[in-house]
Amino acid sequence: MTAVAATDPSVRSFRPLAGVLTATAVSITGTRVSAIALPWFVLATTGSATMTGLVAFAEMAPYVLVKALTGPVVDRLGPRAVSWTTDAVSAAAAGLVPLLHARGLLPFWVLLVMVAVIGAMRGPGDLAKSVMVPEAADRARVPMERATGLSGVTERLASTIGPAAGGGLIALMGPLAGLAVNAATFALGSLIIAVALPRGIGRPVAAAGPADGAAAPSATGEEQDGGYWRMFREGFTFLRSEPLLLTVIVMVGITNLLDAGFTTVLVPVWARESGNGPAAIGLTAGVMGATAVVGSLIAAAVASRLPRRTVFFVGFLLCGAPRFLVLALGAPMWAVLTVFAIGGFGSGFLNPILGAVLFERVPRRLLGRVHALGDSLAWVGIPLGGLVAGASVALFGLIPSLLAAGAVYFATTSLAGLRSEWREMDRLRGHAGGAADADAPLAEDAERETAAART
């Protein structure tokens, strides 16, 4: 591949897609290692499930809030610049945690500050990488559903390697080694985005031309330079006009809250009370991640020929409530791993479908804003998940907390499927929202919403 081919949008190139997916994989791997190391570090040093939940809140609250507000910033500055910059700051903050602890300079409030900085930087960093996927898919001439499937495979593979490596690393060397690995992966992800991607990928919306699929012909200079709050309002107005996206956000928001409490508090407490230790946390997450990779690979290959609505809800049925139930029943480890493996396979189909629906329905020039708002609303319960789970365990015990959370999970993912909006999942299959002509339905919707935003 010549330098011209790598930078010319008219020439097919897989380098941008490979670069974005590699940076995503590196970042997620480190984050998953930290997701085991940090709760175990707090449990080991404080013995408190409540304080463990508080640390999870300190990371995820800034993540959600900053991510919600940085959509216009990503569109204006460009996702590439935002991605490598925020990863570099995250690397510095994550590296300080083991250094300060080694010197006896890490009181609990300082740990909360460091974790909050990491969360605040991860939000826009994750958003920026995701926003670059459609442009990279255009350069590779890969169908959007397949690109989101590959992105799902990358996430699942990293989510398999990270916990498995993290559990073993922490068992051998302690949780601070896992936090050091997290810092290294942030630094490597920043380097990949800054150096390895070809020039022209991840430019600001105003600088991207039609060849990049980044701007509809109707996006005027006035709209591009309309200021932060006008850009923010455009994204909010468009999202408000999409019933399917709003329904997805509400349902995923509830399941995210439950999953956050499960991962950050309920599983670590189960591992401690059952005597299985941190290695069991990594083993369960690793098994679930491995089968999720298989599910994502199948989704990338055949999901375009399957009914999205059916696959989506069957996937949630497999990956949701059974995990809570099997831990509550005190099942042997082989049964726990079997349930997690089945759940992982079902979960592998979810993100490729959600990503394809989002990229099909949202005009490319609004993608950063709408993606940021949608993700943040869907993640708004995650900071509370650890707090709610920690308080529930302290008040009622582990088993009642697991049973209650599993029941809510089942009700949410079953009743939501009855709503009529889900029939829209297949209507725009294969439609590239960002590449729509001015007279295409989505571009017309964007124009109407832009006009409404001005009034």
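Calculation rules
Residues numbered from 1 in each chain as written. Predicted model: local features only at pLDDT ≥ 70, side-chain atom pairs only at ≥ 80, totals over all residues. Heavy atoms only, no water. Helix = DSSP H or I, 4+ residues; strand = E, 2+ residues; numbered from the N terminus. Buried < 20%, exposed > 50% of the residue type's maximum accessible area, 1.4 Å probe, protein only. Contact = heavy atoms within 4.5 Å. Areas by Shrake-Rupley, 256 points an atom, 1.4 Å probe, with all protein chains shown as cover. Phe/Tyr/Trp six-rings, centres within 6.5 Å; stacked < 30°, edge-to-face > 60°. Lys NZ or Arg CZ within 6 Å of the ring centre and 35° of its normal. Axes fitted to C-alpha atoms, helices over the stretch in contact; angles between N-to-C directions. Parallel < 35°, antiparallel > 145°, perpendicular 65-115°, else oblique. Nonpolar A, V, L, I, M, F, W, Y, C, P; charged D, E, K, R; others polar. Patch = residues over 30% accessible without salt bridge, like charges linked within 9 Å, V, L, I, M, F, W, Y side chains within 5 Å. Salt bridge = Lys/Arg side-chain N within 4 Å of Asp/Glu carboxyl O. pLDDT = per-residue confidence, 0-100. Expected span 1.5 Å × (residues − 1). Core = buried A, V, L, I, M, F, W, Y, C linked by side-chain atoms within 4.5 Å. Left-handed = near helix turned anticlockwise from the far one by under 90°.

(A) Examining the overall build of the protein chain more closely. Scanning the protein chain for helices and strands turns up 20 helices and zero strands. Looking at the protein chain as a whole, 57% of its 455 residues qualify as buried. When contacts within the protein chain are restricted to residue pairs at least 6 apart in sequence, those whose partners lie at least 24 apart make up 88%. For the protein chain, the accessible surface area stands at approximately 17700 Å², while carbon and sulfur atoms represent 70% of it.

(B) Quick peek at the packing of aromatic side chains. Tallying each qualifying case throughout the model produces eight aromatic pairs. For the ring pair Phe262 and Phe324, a centre distance of 4.5 Å and an interplane angle of 50 degrees mean the geometry is tilted. Remark: Phe324 occurs in helix α14 (residues 321–328) and Phe262 occurs in helix α11 (residues 243–274); sequence separation between them is 62 residues. On the basis of an interplanar angle of 85 degrees and a centroid distance of 5.2 Å, the ring pair of Phe312 and Phe316 is categorised as edge-to-face. Here Phe312 pairs with Phe316, and both are found in helix α13 (residues 308–319), just four residues apart, close to one helical turn. Per residue, the accessibility class of Phe312 equals that of Phe316, and both read buried. Grouped by ring-pair contacts, the aromatic residues Phe262, Phe324, Phe340 and Tyr409 constitute a single cluster. For the cation-ring pair, Lys67 lies above Trp379, with the distance from its terminal atom to the ring centre recorded as 5.1 Å.

(C) Summary view of the environment of Val42. Among the secondary structure elements, Val42 is positioned in helix α2 (residues 15–46). A C-alpha to C-alpha distance of 9.5 Å links Val42 and Gly53, two positions 11 residues apart in sequence. If we skip the residues at most four places from it in the chain, Val42 touches Gly47, Met51, Thr52, Val55, Phe108 and Leu111.

(D) How the structure looks around the packing of α14 against helix α15 (residues 333–347). With their axes 9 Å apart at the nearest point, α14 and α15 run at an angle of 175 degrees to one another. Comparing the axis directions of α14 and α15 gives the class roughly antiparallel. Where α14 approaches α15, its residues Pro322, Arg323, Val326 and Leu327 are matched on the opposing element by Ala335, Val336, Val339 and Phe340. Taken together, the residues of the contact of α14 with α15 sort by class into seven nonpolar, no polar and one charged.

(E) Focus on a nonpolar patch on the surface. On the surface, Val294, Ile298, Val314, Leu318, Ile342 and Phe345 cluster together to form a nonpolar patch covering roughly 430 Å² of accessible area. Among the elements of the structure, α12 (278–302), α13 and α15 are those that each provide at least two residues to the nonpolar patch. Along the chain, Phe345 turns up in helix α15.

(F) Summary view of the confidence of the model for the protein chain. On average, the protein chain scores 79 in pLDDT, and the residues at 70 or more come to 86%. Within the protein chain, α14 carries the highest mean pLDDT (94), whereas helix α20 (residues 441–454) carries the lowest (39). Taken together, the stretch residues 434–455 has pLDDT below 50 and engages in 37 contacts with residues farther than four places along the chain or on a different chain.

(G) Quick look at helix α18 (residues 382–396). Taking 1.5 Å as the rise per residue, α18 with 15 residues should run 21 Å; its terminal C-alpha atoms sit 21 Å apart, in good agreement. Residues of α18 that are buried make contact with α3 (49–69), α11 and α19 (398–415). Gly397, located one to two residues past α18, shows a positive phi value of around 100 degrees.

(H) Fine view of the nonpolar core. Residues Leu111, Phe312, Leu327 and Trp422 are the most contacted members of the largest nonpolar core, which totals 89 residues. No other element matches α11, which puts 14 residues into this core. Look past the residues within four positions of Leu327 in its chain and what remains in contact with it is Phe262, Val267, Trp270, Val336, Phe340 and Leu402.

(I) Highlighting helix α5 (residues 79–102). Look at α5: 35 Å from first C-alpha to last across 24 residues, which is about the 34 Å you get at 1.5 Å a residue. The first or second residue beyond α5 is Gly104, which carries a positive phi of 70 degrees.

(J) Representation of the pattern of salt bridges in the model. Evaluation of the coordinates by the stated rule reveals nine salt bridges. The salt bridge involving Lys129 is made with Asp87; its shortest N-O contact spans 2.8 Å. Separated by 42 residues along the polypeptide, Lys129 in helix α6 (residues 108–140) and Asp87 in helix α5 bring together distant segments of the chain. Side by side, Lys129 and Asp87 carry an identical accessibility label, which is buried. When the shortest N-O distance is used, the salt bridge between Arg369 and Glu234 registers 3.0 Å. Here Arg369, found in helix α17 (residues 367–378), pairs with Glu234, found in helix α10 (residues 228–240); they are 135 residues apart in sequence, far enough to count as distant. Both residues of the pair, Arg369 and Glu234, count as buried. In this structure, a network of salt bridges that share partners links the residues Glu59, Arg122 and Asp126.

(K) Representation of the packing of α13 against helix α16 (residues 350–361). Interaxial distance between α13 and α16 falls to 9 Å at its minimum, and their mutual angle equals 140 degrees. Relative to α16, the element α13 lies oblique. Crossing of α13 against α16: the hand is left-handed. When α13 is examined against α16, the residues Arg308, Val311, Phe312, Gly315, Phe316 and Cys319 are found in contact with a partner set consisting of Leu350, Ile353, Leu354, Ala356, Val357 and Glu360.

(L) Layout of the environment of Leu96. One can find Leu96 in helix α5. For Leu96, a relative accessible area of 37% puts it in the partly exposed group. Counting along the chain gives 84 residues from Leu96 to Ala180, while the straight-line C-alpha distance between them is 8.8 Å.

(M) The environment of Gly343, seen in detail. With respect to the secondary-structure elements, Gly343 resides in helix α15. For the pair Gly343 and Met288, spaced 55 residues apart in sequence, the C-alpha separation works out to 6.6 Å. Not counting the four nearest positions on each side in its chain, Gly343 is found in contact with Met288, Leu318 and Cys319.

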